[in-house]
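Residues per chain, in single letters:
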2 protein chains.
Amino acid sequence: MADKIPYKTYLTEEEMPTQWYNMRADMKTKPAPLLNPANGKPMTAEELSAVFCEELVKQELDNDTAYIDIPQEILDFYKMYRPSPLVRAYCLEKALDTPAKIYYKFEGNNTSGSHKLNSAIAQAYYAKKQGLKGVTTETGAGQWGTALSMACAYLGLDCKVFMVKVSYEQKPFRREVMRTYGASVTPSPSELTEVGRKILAEHPGTTGSLGCAISEAVETAVKSDGYRYVLGSVLNQVLLHQSIIGLEAHAAFKKLGVKPDVIIGCAGGGSNLGGLISPFMGEKLRGEADYRIIAVEPASCPSLTRGKYAYDFCDTGKVCPLSKMYTLGSGFIPSANHAGGLRYHGMSSTLSQLYDDKLMEAISVEQTSVFAAAQQFARVEGILPAPESSHAIRAAINEALRCKQTGEEETILFGLTGTGYFDMVAYQKFNDGTMTDYIPSDEELAASFATLPKIG
Amino acid sequence: MADKIPYKTYLTEEEMPTQWYNMRADMKTKPAPLLNPANGKPMTAEELSAVFCEELVKQELDNDTAYIDIPQEILDFYKMYRPSPLVRAYCLEKALDTPAKIYYKFEGNNTSGSHKLNSAIAQAYYAKKQGLKGVTTETGAGQWGTALSMACAYLGLDCKVFMVKVSYEQKPFRREVMRTYGASVTPSPSELTEVGRKILAEHPGTTGSLGCAISEAVETAVKSDGYRYVLGSVLNQVLLHQSIIGLEAHAAFKKLGVKPDVIIGCAGGGSNLGGLISPFMGEKLRGEADYRIIAVEPASCPSLTRGKYAYDFCDTGKVCPLSKMYTLGSGFIPSANHAGGLRYHGMSSTLSQLYDDKLMEAISVEQTSVFAAAQQFARVEGILPAPESSHAIRAAINEALRCKQTGEEETILFGLTGTGYFDMVAYQKFNDGTMTDYIPSDEELAASFATLPKIG
């Protein structure tokens, strides 16, 4: 290779960031506050503290502090699997015959198989610090539940996971990883909660939903002494913790003397994208640099590209506060897209505001083209990517092919959020040629927009 | 942390070894040669070349050259996933409250999930260089087949994998990973080969065996124009390629100014153990340093600890040359231990000679104690280990607990060969408390020793 850039750039442990960066501090228009659905007023810290840990409530509501110290215990945990590598995709560039320079920040090098661990350890740490016994959460595809189980095992904290019943049954291996880390995993809906019993009575054959699992996890936290509820995406606090991804990438680029032109991330609730872009968006907000920033979502669940910017429920069970965001309506039922982590009707309110302010772009892609990109990437770069991450790969390849046509030597960065070891059912469908695409019709979206609450 | 040693030590790409190290060059007693079962005479290069690539035959027979250059194309591929980290297990040390310092060399950070890729890319490269169309192989648990599929996808080489039928059916996800990398995966026995058809006619309901899959892969290679057979363990060439593991660990220790006292690896065919210990054993053979070196095998398949040092068939189908090794007899049928990669009746002839010369120790451990160690490790160190690797973890924990009793501050290195994402059926059994142990009786071993050939 003529180029001196190494395949993989690692920061040393001394070079690792010691503070998270809070984009909201540099936003002229702050994200809209969470509202109490009972009275339409902004949620207070006290109200939020019944469900969330105190320190996390503080982080959730803090729109002003730009840098927040990462506690030493969390830094120590980060060192078990971080820094993650910034990889130059030499082999992909060669395969595409593009003048573009492609980099990816790889977050799959830990047992949870994704970036989710960055926030899981932070949330578990603050729960432990508050003297709690444990935390509750829901999980769909299972990455978040796995990450939280790992963090709780490390800190000796109890972890109760409500897993959407259909996933519990179809992904027994995901479930066993969580159990190996000592978590209790309950298929949702369950007999353990009031809301679960009610749903089971009304719909005895239901295979569950994320909305129902959230409701059960929240109820369990509120009713159990010494427990709080934690969530793996959407919230401001999660984007804050995930800023470690972008901060490391930013520092590694600086070390290499390289500046990216385009930054690409997949977007479900926004945890990965918000984390990856944080320091770059900060420069953009402060007028210090400019970047094209692209959110990539599934065509089957297009909240940014086809949603409305409005107040909506974060969960289908409607037990959580209202959030202003790009949403398809909490009644929207996404088709069986294999990127479970991107099947969310809404979007982080911070990212929604940035998108509304035209500070980032958004595109949607269909899943067969996503798996084609995943396969191409796997064969030349070695890593088997998660379906979610592969949305970013699809967009990065498209950008690189554009550069090939125009001859531009742009530098592209994308987030490779995780690995696909537990997604082989989806890969098998692609390998067999039986995978299909789905794009919701305008009528379908209009019907789900009708479920939006009349607030805000 | 008071200690200055980082959690993870990575060599830079410039510091990566550029030569493999061949232990045989420094052995006073060389490993015994492979014999032709037809006439009992040492296999010639010409005879071996009908089955194996020419350059690999040369490496197989070379007992004299200590250092062999790694071709640039292989170095480039290594840079996609290497150097692998040398990890200081601070969290495990703390959990055990031991004065011992524990390190592990982690080889699971690539999609094949194990160290197997180190030799797969080398074998595929030499096949490509010889102008071949493709390679054939067998796979049981699936790590080797996955690694070979990845290497062949990268080089544009055809890859035909015969997968033991019971694994093909029970591990559909492993199969799909290989298919994603473009390999054809055939359940063995199959209708594609003479030996397969014969076995199917005789035993219509058979679920296959590794011995049968080897026979089918060898037959396919020999009968197909432009194909050769490749193997993931046991052979001298494999240990040579795997020396990259030990060479990196050795260089990283040098960088840290640390010298290990005890080196521990799991042992099935010997590929990981032989690679990990290579440079350390080299120092020992040359009288430059001393180390305790420990091979760990399953109590259910104890070739070193309870086997005979004798000439035997490498495969149960008896189509391969005879090798002098510690063996339980090629007729030995291991119990359904979950560490599929360690269920081999024999052992690398190089390691067998070193063991016979008392240059290394061997112990056997039972699988429930192995999974207990795996779970403990996963909970504090984050990584979910493969069952095979967990044999080394068990032994390392035992050594660290010994140090706790004696107060010795020994430095322990073990090989963490891979991850357990595709082994959740085994973890589930452990989590449910339904896992059992099995130790073959003396009578059982005597019966299988009776299958040893009367040669050598």
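Residues numbered from 1 in each chain as written. Chains lettered and ligands numbered in written order. Predicted model: local features only at pLDDT ≥ 70, side-chain atom pairs only at ≥ 80, totals over all residues. Heavy atoms only, no water.

Quick look at the side chain of threonine 139 of chain B
Residues and elements named next belong to chain B. Here threonine 139 lies in strand β6 (residues 134-139). Only 3.4 Å separates the side chain of threonine 139 from the backbone nitrogen of glycine 142, close enough to count as a polar contact. Once residues lying within four places of it in the same chain are set aside, the contact partners of threonine 139 are Trp144, Gly145, Val161, Phe162, Met163, Val164, Met178 and Leu210. (Helix = DSSP H or I, 4+ residues; strand = E, 2+ residues; numbered from the N terminus. Polar contact = N/O pair within 3.5 Å; in protein donor to acceptor, adjacent residues only side chain to side chain. Contact = heavy atoms within 4.5 Å.)

Let's talk about the interface of chain B and chain A
On the chain A side, the residues contacting the 42 residues of chain B number 42 residues. When chain B packs against chain A, close to 4100 Å² is buried across both sides, 57% of that on carbon and sulfur atoms. The largest share of the area that chain B buries against chain A comes from Thr180, Arg379 and Tyr421 of chain B, three residues that together contribute 17% of it. Linking chain B with chain A are two salt bridges, by the criterion used here. Elements with a minimum of two residues in the side of chain B that touches chain A: α3 (72-81), α6 (143-155), α8 (172-180), α15 (367-381) and α17 (424-432) of chain B. (Buried area = accessible area lost by both parts, 1.4 Å probe. Salt bridge = Lys/Arg side-chain N within 4 Å of Asp/Glu carboxyl O.)

Here's the deal with the packing of helix α5 (residues 117-129) of chain A against helix α11 (residues 236-256) of chain A
Residues and elements named next belong to chain A. Viewed as axis vectors pointing N to C, α5 and α11 meet at an angle of 125°, and their least axial separation amounts to 8 Å. Looking at the two axes, α5 sits oblique to α11. Crossing of α5 against α11: the hand is right-handed. In this structure, α5 contributes Asn118, Ser119, Ala122, Gln123 and Tyr126 to the contact, and α11 contributes Gln237, Val238, His241, Gln242, Ile244 and Ile245. When grouped by side-chain class, the residues that make up the contact of α5 with α11 number five nonpolar, six polar and no charged. (Axes fitted to C-alpha atoms, helices over the stretch in contact; angles between N-to-C directions. Parallel < 35°, antiparallel > 145°, perpendicular 65-115°, else oblique. Left-handed = near helix turned anticlockwise from the far one by under 90°. Nonpolar A, V, L, I, M, F, W, Y, C, P; charged D, E, K, R; others polar.)

Quick word on the sheet that holds strand β11 (residues 292-298) of chain A
Residue and element names in this part refer to chain A. Read from one edge of the open sheet, seven strands run β1-β4-β5-β15-β10-β11-β14, paired in mixed fashion. Edge positions in the sheet fall to β1 (8-9) and β14 (361-365), since each has one partner strand and no second. Pairing analysis gives three bridges linking strand β4 (residues 86-88) to strand β5 (residues 101-106), with the strands arranged antiparallel. Bridge pairing links arginine 88 to tyrosine 103 in β5. (Pairing = 2+ DSSP bridges.)

A closer look at the confidence of the model for chain A
It should be kept in mind that the predicted coordinates are not to be read in detail where pLDDT is low. This prediction gives chain A a mean pLDDT of 94; 99% of its residues lie at or above 70. At the level of chain-chain contacts, confidence expressed as ipTM amounts to 0.92, with global pTM at 0.95. (pLDDT = per-residue confidence, 0-100.)

Re the packing of aromatic side chains
Counted according to the given criterion, the structure contains 37 aromatic pairs over all chains. Considering the side-chain rings of tyrosine 309 of chain A and tyrosine 326 of chain A, the 4.8 Å spacing of their centres and the 10° angle between planes classify their relative orientation as stacked. Of this pair, tyrosine 309 of chain A sits in strand β12 (residues 308-313) while tyrosine 326 of chain A sits in strand β13 (residues 322-327), and the two are 17 residues apart along the sequence. Arranged with centres 6.1 Å apart and planes meeting at 75°, the rings of phenylalanine 377 of chain B and phenylalanine 414 of chain B form a pair that is edge-to-face. Separated by 37 residues along the polypeptide, phenylalanine 377 of chain B in helix α15 and phenylalanine 414 of chain B in strand β15 (residues 411-416) bring together distant segments of the chain. Residue phenylalanine 377 of chain B shares its accessibility class with phenylalanine 414 of chain B, and that shared class is buried. Members of the aromatic cluster, joined through ring pairs, are Phe77, Tyr78, Tyr81 and Tyr154 of chain A. A cation sits over an aromatic face here: lysine 308 of chain A above phenylalanine 449 of chain A, 4.6 Å from the ring centre. Here the guanidinium or amino end of arginine 175 of chain B rests over the ring plane of tyrosine 168 of chain B, the centre of that ring lying 4.7 Å away. (Phe/Tyr/Trp six-rings, centres within 6.5 Å; stacked < 30°, edge-to-face > 60°. Buried < 20%, exposed > 50% of the residue type's maximum accessible area, 1.4 Å probe, protein only. Lys NZ or Arg CZ within 6 Å of the ring centre and 35° of its normal.)

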